[in-house]
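# Structure at a glance
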Amino acid sequence: MGNGINDVTSSVYLGENYPCEVRGIFCSFVIICFCLAELLQFILASRLDYGILAIINCSIALIGVLVTKFLMETPQFLLMKNKQQDACRNFSKLRAVHDTCGGTNEFQKIKQNIKEEQEKKASIKELFKARANYKSLIIIFMLNIFTMGTGYAAVLSYMTIVFSSA
């Protein structure tokens, strides 16, 4: 559950709040944090009782859910809901820009993109009509299958048992 919350929240928040120039760096940082947290889990699992570890993990997940309640809405979301003043205020806070949003070129680009998205109405069928989309979907699907096919999930499930017996 916590992994799903993290995947959705961090992807949307990073994609909508960070400038394009640094977005990739921050996405890499999220993956590094995920791997470090997983390493910490294996270390703790080899030292603690599984019941205590489960309580710790549930507490961390609960804190994560509570913290998401205090996240600011993204300017894109607010613009989609026609709340321009709130979008401008949140954009200024998230980007640490003390200029009016009317004069900010990036904010104007976001508004234009939202307007273009609202004019286009796409369906799931259109996702499969374009050859490039179909190809990308197959690549992503195959990468995930190959990742899981290597035994990654099985190794992770029994990692503590393997290391504790060594």
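Above this text is the structure in question.
Structure report, in brief.

About the criteria used
- Per chain, residue numbering runs from 1 following the sequence as it is written.
- With the structure being a predicted model, the display of local features is reserved for residues of pLDDT at least 70 and the display and counting of side-chain atom pairs for 80 or more, all residues being used for whole-chain, interface and lining totals.
- In computing side-chain properties, one takes all heavy atoms of the structure into account and sets aside hydrogens as well as water.
- Numbering of helices and strands runs from the N terminus; a helix is a DSSP stretch of H or I covering at least four residues, while a strand is a stretch of E covering at least two.
- Between buried and exposed lies partly exposed: a residue is buried under 20% and exposed over 50% of the maximum accessible area for its type, with that area taken using a 1.4 Å probe on protein chains only.
- Contacts: residue pairs with any heavy atoms within 4.5 Å of one another.
- Angles here are taken between N-to-C directions and fall from 0 to 180 degrees, while the axes themselves are lines fitted to C-alpha atoms, restricted in helices to the stretch in contact.
- An angle counts as roughly parallel when it lies under 35 degrees, as roughly antiparallel when it exceeds 145, as roughly perpendicular when it falls between 65 and 115, and as oblique in every other case.
- Each helix crossing is assigned a hand: it is left-handed if the near helix lies turned anticlockwise from the far helix by less than a right angle, otherwise right-handed if that turn is clockwise.
- Each residue after the first adds 1.5 Å to the expected span of a helix.
- Within this analysis, the arc is defined by the directions that extend from the helix axis to the C-beta atoms.
- By salt bridge we mean one thing: a side-chain nitrogen of Lys or Arg within 4 Å of a carboxyl oxygen of Asp or Glu.

Moving on: the overall build of the protein chain. Secondary structure assignment for the protein chain yields nine helices and zero strands. For the protein chain, the N- to C-terminal ordering of α and β elements is α-α-α-α-α-α-α-α-α. For the protein chain, the proportion of its 166 residues judged to be buried stands at 15%. The long-range share in the protein chain, meaning contacts at least 24 apart out of those at least 6 apart in sequence, stands at 47%.

Let us now look at the packing of helix α5 (residues 84-95) against helix α6 (residues 105-119). Taken N-terminus to C-terminus, the directions of α5 and α6 make an angle of 135°; their axes are 11 Å apart at the nearest point. Between α5 and α6, the angle is such that the two are oblique. With respect to the hand of their crossing, α5 and α6 are arranged in right-handed fashion. Contact residues: α5 offers Gln84, Ala87, Cys88, Phe91 and Arg95, while α6 offers Glu106, Phe107, Ile110 and Lys111.

The end-to-end C-alpha distance of α6, which contains 15 residues, comes to 21 Å, matching closely the 21 Å that a straight helix rising 1.5 Å per residue would cover. Where α6 is concerned, the buried positions are Phe107, Ile110 and Ile114. The buried residues of α6 all sit within an arc of 55° when viewed along its axis, so they share a single face. Exposed residues lying more than 90 degrees from the buried face of α6 are Asn105, Lys109 and Glu119. Tucked into the core, α6 has its buried residues touching α4 (75-80) and α5.

Now for the pattern of salt bridges. Overall, the coordinates contain one salt bridge when judged by the stated rule. With its nearest N and O atoms 3.0 Å apart, the salt bridge here joins Asp86 to Arg89. Of the two residues, Asp86 and Arg89 are both situated in helix α5; the distance of three residues between them amounts to about one turn of the helix. Judged by relative accessible area, which is 41%, Arg89 ranks as partly exposed.

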